[in-house]
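Residue-level structure breakdown
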Amino acid sequence: MTSRHQASPSAPNAPSASWPHPDTATRYGSISRIFHWGMALLFVVIFSAALARYFAKDSALDALLWPVHRPIGALLMLLVLLRAAWALLHAGQRPPHINLAAHLGHLALYALMLAVPFIGLLRQYGSGRAFAPFGVPLIGAREDDKIDWMVDLGGLLHGEMGWVLLACIVGHGAMAFWHRRPGHTNVMPRMVGNSANH
C-alpha cells in the first residue's frame, strides 16, 4: 500500500534554503552583503570620530570616538582587501554595473578605501610609534629617528583623501536612491531584502 502522504518534489526554480546565499546576476549574496553593511557601519563610526575631531576637538564626544579611529581604520583596510578578493573570485556571477559611470565610481571607492588607511599606516610607521589595533601588534616601536617623508606624506594626504572618500560614499548612497525613480534601474534590491530570491 502506498503512503497517502508523499513528499512533493521541490520546484526547480525555488530559492535555495542553504546559507550563505551566493551572488547572482540580480542580487548580491550573504557574504557580499555582510562585507557591504558591516563596512558601512564601521565607516559611520570612523567618520563620526573624524567629524568630532574636526568640529569639537577635546570635547567629550571627541574623547569617546577618537581612540577608535586608527584601530577601525586598520580593520577597514583588511576588510576591503578581503572584500576585493571576494568580488574578484565571484565577478562572473555578480550583478553587472548599470553603466560606465557606476563602474568607475566603484573603482574609485575601492581605490580610496585602500589608499586612505594605507597612508595612515605609513604615517604611523614613519613616526616610530608602536601600533596594536585591538591588541594585535601590527607595527613595532623603533628607537631610531622618525622617517620624515612618511610622516609628511601622511599629514598631507590622509585627512584630505579621507574627506574625498566620505564625499564618494555619500554620493554612492545618493545615486542608489536616485536610481529608484521611474524609468531608471532600481539597484537597491540588489543589496537589501531577501538575498535568497533570485
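See the structure printed just above.
Worth saying up front: this structure is predicted, and the values here are computed from it rather than measured.

Counting its secondary structure elements, the protein chain contains six helices and zero strands. Going from N to C terminus, the protein chain has its helices and strands arranged as α-α-α-α-α-α. Counting across all 198 residues of the protein chain, residues that qualify as buried make up 33%. Contacts in the protein chain between residues at least 24 apart in sequence constitute 69% of all its contacts with a sequence separation of at least 6. Summed over its atoms, the accessible surface of the protein chain is roughly 12,800 Å², and 68% of this surface lies on carbon and sulfur atoms.

Phi at Asp58 is positive, roughly 70°, even though this residue is not glycine. Along the chain, Asp58 falls in the loop between α1 (30-55) and α2 (60-65). For Asp58, a relative accessible area of 68% puts it in the exposed group. Its identity as a non-glycine residue notwithstanding, Phe134 has a phi of 55°, on the positive side. Position of Phe134 relative to the elements: it lies in the loop between α4 (100-127) and α5 (148-178). Of the residues examined, Phe134 reaches a relative accessible area of 58% and is grouped as exposed.

With that settled, the discussion passes to the pattern of salt bridges. Scanning all chains against the criterion turns up three salt bridges. We note a salt bridge from Arg94 to Asp23, for which the minimum N-O separation is 3.1 Å. Residue Arg94 is found in the loop between α3 (69-89) and α4, and its partner Asp23 is found in the segment before α1; the two are separated by 71 residues along the sequence. The same class applies to Arg94 and to Asp23, which are both buried.

This part covers the nonpolar core. Of all hydrophobic cores here, the largest spans 19 residues; its most connected members are Met39, Phe43, Ile46, Leu76, Met113 and Leu165. For this core, the secondary structure elements donating two or more residues are α1, α3, α4 and α5. In terms of nonpolar packing, the next biggest core, distinct from the first, is built from five residues, Ala74, Met77, Leu121 and Phe131 among them.

What follows concerns the packing of aromatic side chains. Tallied over the entire structure, the rule returns three aromatic pairs. Ring centres of Phe43 and Phe47 lie 5.9 Å apart, and the angle between their planes is 20°; on these two criteria the pair is classed as stacked. With a gap of four residues between them, Phe43 and Phe47 both fall in helix α1, about one helical turn apart. Just as Phe43 is buried, Phe47 falls in that class too.

Let us look at a nonpolar patch on the surface. A cluster of nonpolar side chains, Leu51, Tyr54, Phe55 and Trp163, forms an exposed patch at the surface whose accessible area comes to about 470 Å². It is α1 that contributes the most residues to the nonpolar patch, three residues altogether. Following the sequence through the fold, Tyr54 ends up in helix α1. The exposure class of Tyr54 is exposed, given its relative accessible area of 59%.

On to the environment of Ala50, then. Note on placement: Ala50 falls in helix α1. Residue classification places Ala50 among the buried positions, given a relative accessible area of 13%. Separated by 19 residues in the primary sequence, Ala50 and His69 have C-alpha atoms spaced 7.4 Å apart. With near-sequence residues (within four places) excluded, Ala50 lies in contact with Trp66, His69 and Trp163.

Orientation of α1 relative to α3, taken along the N-to-C sense of each, is 155°, at an axis distance of 10 Å. Regarding the angle of α1 to α3, the classification is roughly antiparallel. Our pair here, α1 against α3, has a crossing hand that is left-handed. Across the interface between the two elements, Ile31, Ser32, Phe35, His36, Met39, Leu42, Phe43, Val45, Ile46, Ala49 and Ala50 from α1 touch His69, Ile72, Gly73, Leu75, Leu76, Leu79, Val80, Leu82, Arg83 and Trp86 from α3. In the contact of α1 with α3, the residues fall into 16 nonpolar, four polar and one charged.

What counts and how
- Residues take numbers from 1 onward in each chain, read along the sequence in its written order.
- This being a predicted model, a pLDDT of at least 70 is required before a residue's local features are given, and a value of 80 or more before pairs of side-chain atoms are given or counted; all residues contribute to the totals for chains, interfaces and linings.
- Hydrogens are left out, water is left out, and the side-chain values use all remaining heavy atoms of the structure.
- Runs of H or I in DSSP of at least four residues are treated as helices and runs of E of at least two as strands, each being numbered from the N terminus.
- Three exposure classes are used, based on accessible area relative to the maximum for each residue type with a 1.4 Å probe and protein chains only: buried under 20%, partly exposed in between, and exposed over 50%.
- Should any heavy atoms of two residues lie within 4.5 Å, those residues are considered in contact.
- Here the accessible surface of atoms and residues is derived via Shrake-Rupley with a 1.4 Å probe, and residues count as covered only by protein chains that are part of the display.
- What makes a salt bridge here is a side-chain nitrogen of Lys or Arg within 4 Å of a carboxyl oxygen of Asp or Glu, nothing more.
- Throughout, nonpolar core names a set of buried Ala, Val, Leu, Ile, Met, Phe, Trp, Tyr and Cys residues whose side chains join them through atoms within 4.5 Å.
- Centre distance within 6.5 Å is the pairing criterion for rings of Phe, Tyr and Trp, where only the six-membered ring of Trp is used; planes under 30 degrees apart are then read as stacked, over 60 as edge-to-face, and the remainder as tilted.
- Patches were defined on residues exceeding 30% relative accessible area and lacking a salt bridge, with like-charge contacts within 9 Å and nonpolar side-chain contacts (Val, Leu, Ile, Met, Phe, Trp, Tyr) within 5 Å.
- Axis lines are fitted to C-alpha atoms, over the contacting stretch for helices. Their N-to-C directions set the angle, which ranges from 0 to 180 degrees.
- Here the word oblique covers every angle except those under 35 degrees (roughly parallel), over 145 (roughly antiparallel) and from 65 to 115 (roughly perpendicular).
- Put simply, a crossing is left-handed when the front helix is turned counterclockwise from the back one by less than a right angle, and right-handed when it is turned clockwise.
- Gly is put with the polar residues, along with every residue not named as nonpolar or charged; the nonpolar set is Ala, Val, Leu, Ile, Met, Phe, Trp, Tyr, Cys and Pro, and the charged set is Asp, Glu, Lys and Arg.

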